[in-house]
Amino acid sequence: MASKIRLSVAVGDYEIIRALKEGAVEADGLDLVVLTGHGPRERHWRMARNQEFDVCEFNVGGYLMSRDHGEPLAAIPVFLHRRFRHGFAFVNVDSGIKTPKDLIGKRVGGTNFQPAGNIWLRGIFEQHYGVPHKEITWVVDRSEDVPFDPPSGLKIEMIPAGKSMDTMLAEGEIPAMINPYIPQPMVDGDKRVARLFPDYKAVEREYFQQTGIFPIMHVTVIKQEIVDKYPWIPTNLMQAFEESKKIAYKRMENPRIVPLAWFRHFLEEQEEILGQDPWVYGLGEINKKTLETLMQYSQEQGLLGRKMSLDELFVGSEAHS
């Protein structure tokens, strides 16, 4: 019997990869070692700087930048993490900031400049609310995953050593923050911090109805050397991820598995708004539009030197286009 090719696969611990992780789904010809113990920051950093995994869920903005820099990476159009972003803009309640335009001229905090969620929200603010990203000073608390030189006019500053971005927001040292996560003061019920969009769900629903975009945060990258040596691997991985997702959807039909009183209501509401497969893979028309929008935002924000074709960026998608 021919031996299978062993690959390390670093991804988040999601319901849609459960069947793959537990072995209920196998990728034909592959022995996948599924690693789910890394947080996004660690996983992205280790892949961007050292390419420590054969296959890796990776910040889509970081992937675009890595390819623009000539890094030997490919990707399959498997998007394990999507999220609407309007609900991740936060303000100090005494800052006087009520609308996105109030951010102009302000210092706005965040983890770093490159997370996909931040790229999306800056782009949405600029395109839909008239807030130029260069008219804000972006305050960060960590270095970037993919090194880059900010273009002229882009203002990025690092917080002082020993400072906490969350504390700075709560105490009014910075008036606002856009972030991939919810600030700890808000988690703790600190009333000094609130969302910029109080009814963010309604705003996000309207955004989806206007654009058809459910923002993609992460792609699934593969070392280029693996694709070159085994060109069949991307398609087999695509098929395995798709089958695992289908099993997750089937599992979610049982409301008993999730400890939420109105889980079935929320699932039906999601299907009504987003359709039967919100986490659709491949390069169909809506994913093309979503990725091209993100690429446009990345270019406008100085992260991407050139616009690349999706055929250049993705492999293994022929059966899912």
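Here is what the cut-offs are and how they apply
- In this numbering scheme, every chain counts its residues from 1 along its sequence in written order.
- For this predicted model, a pLDDT threshold of at least 70 governs which residues receive local features, and a threshold of 80 or more governs which side-chain atom pairs are given and counted, while totals over whole chains, interfaces and linings are taken from all residues.
- Excluded from the side-chain calculation are hydrogens and water; included are all heavy atoms of the structure.
- Secondary structure follows DSSP: runs of H or I at least 4 residues long count as helices, runs of E at least 2 residues long count as strands, and numbering of each begins at the N terminus.
- Note that the radius of gyration is over C-alpha atoms, with the globule rule given as 2.2 Å times the number of residues to the power 0.38.
- We call a residue buried when its accessible area falls under 20% of the maximum for its residue type, exposed when it is over 50%, and partly exposed in between, using a 1.4 Å probe and counting protein chains only.
- In what follows, residue pairs with any heavy atoms lying within 4.5 Å of each other are defined as contacts.
- Only the protein chains shown count as cover for residues, and all accessible areas are computed by the Shrake-Rupley method using a 1.4 Å probe.
- Positive charges are assigned to Lys and Arg, negative charges to Asp and Glu, while His and the chain termini are left out of the count.
- To locate a charge, the coordinates of NZ of Lys, CZ of Arg, CG of Asp or CD of Glu are taken.
- The directions considered for the arc run from the helix axis to the C-beta atoms.
- Basic side-chain nitrogens of Lys or Arg form a salt bridge, by our definition, when they fall within 4 Å of a carboxyl oxygen of Asp or Glu.
- Axis lines are fitted through C-alpha atoms, for helices just across the contact stretch, and the angle between N-to-C directions can take any value from 0 to 180 degrees.
- Here the nonpolar group is Ala, Val, Leu, Ile, Met, Phe, Trp, Tyr, Cys and Pro; Asp, Glu, Lys and Arg are the charged ones; every other residue, Gly included, is treated as polar.
- Residues grouped as a nonpolar core are buried Ala, Val, Leu, Ile, Met, Phe, Trp, Tyr and Cys residues, joined through side-chain atoms within 4.5 Å.
- A pair of strands is treated as paired once DSSP finds two or more bridges between them.

1. Focus on the overall build of the protein
A tally of regular secondary structure across the protein gives 12 helices and 11 strands. At 20 Å, the protein has a C-alpha radius of gyration in line with the 20 Å of a compact globule built from 321 residues. Each principal axis of the C-alpha atoms in the protein carries an extent, and together these give about 70 × 50 × 35 Å. The burial tally for the protein puts 51% of its 321 residues in the buried class. Taking all contacts inside the protein whose residues are at least 6 apart in sequence as the whole, residues at least 24 apart take part in 77%. For the protein, the exposed area adds up to about 14800 Å²; of that, 49% sits on carbon and sulfur atoms. In the protein, 38 positive and 45 negative side-chain charges are present, and the distance between their average locations comes to 2 Å.

2. Notes on helix α2 (residues 40-50)
For α2, the full list of buried residues reads Arg43, His44, Met47 and Ala48. Each buried residue of α2 sits inside an arc of 115° when the element is viewed along its axis, so together they form one side. After α2 finishes, the residue Gln51 shows a positive phi value of roughly 45°.

3. Structural notes on the pattern of salt bridges
For the coordinates displayed, the defined rule picks out 23 salt bridges. Glu15 serves as the salt-bridge partner of Arg18, at 3.1 Å between the closest nitrogen and oxygen. For Asp141, the salt bridge is made with Arg142, and the minimal N-O distance between the two is 3.4 Å. Given a relative accessible area of 27%, Asp141 falls into the partly exposed group. Accessibility expressed as a relative area gives 27% for Arg142, which makes it partly exposed. Overlapping salt bridges bring together Glu15, Arg18, Glu22 and Arg251 as one network.

4. Here's the deal with the packing of helix α7 (residues 200-211) against helix α10 (residues 263-274)
The interhelical angle for the contact between α7 and α10, taken along N-to-C directions, is 35°, at an axis separation of 11 Å. Taking contact as the criterion, the partners of Lys201, Arg205 and Phe208 in α7 are, on α10, Glu269, Glu272, Ile273 and Leu274. Its residues assigned to classes, the contact of α7 with α10 shows 3 nonpolar, no polar and 4 charged.

5. Quick notes on the nonpolar core
Among the nonpolar cores identified, the biggest contains 86 residues, and Leu32, Phe125, Leu237, Phe241 and Phe314 are the most heavily contacted of them. Phe90, Met168, Leu169 and Val193 belong to the second-largest nonpolar core, a separate cluster that totals 12 residues.

6. Quick word on the pairing of strand β11 (residues 218-223)
β11 sits mainly inside the fold: 6 of its 6 residues count as buried. A two-sided burial pattern is seen for β11, the buried positions comprising His218, Thr220 and Ile222 on one face and Val219, Val221 and Lys223 on the other. Bridge count for strand β3 (residues 55-59) against β11 is 5 bridges, and the pairing is antiparallel. Bridge pairing in β11 places Asn59 opposite His218.

7. A few points about the sheet that holds β3
Spatially, 5 strands are ordered β2-β1-β3-β11-β4 in an open sheet, and the strand pairing comes out mixed. One side of each edge strand has no neighbouring strand; the edge strands of this open sheet are β2 (30-35) and β4 (73-76). On average, each strand axis in the sheet is inclined to that of its neighbour by 35°, with strand direction left out of account. Relative to β11, β4 runs antiparallel, the two being bridged by 4 bridges. Directly across from Leu73, in β11, lies its bridge partner Lys223. Lying over the sheet, helix α3 (residues 60-68) contacts β3, β4 and β11, oriented at roughly 105° with respect to β3.

Spatial relationships are all this shows, so hold off on functional conclusions.
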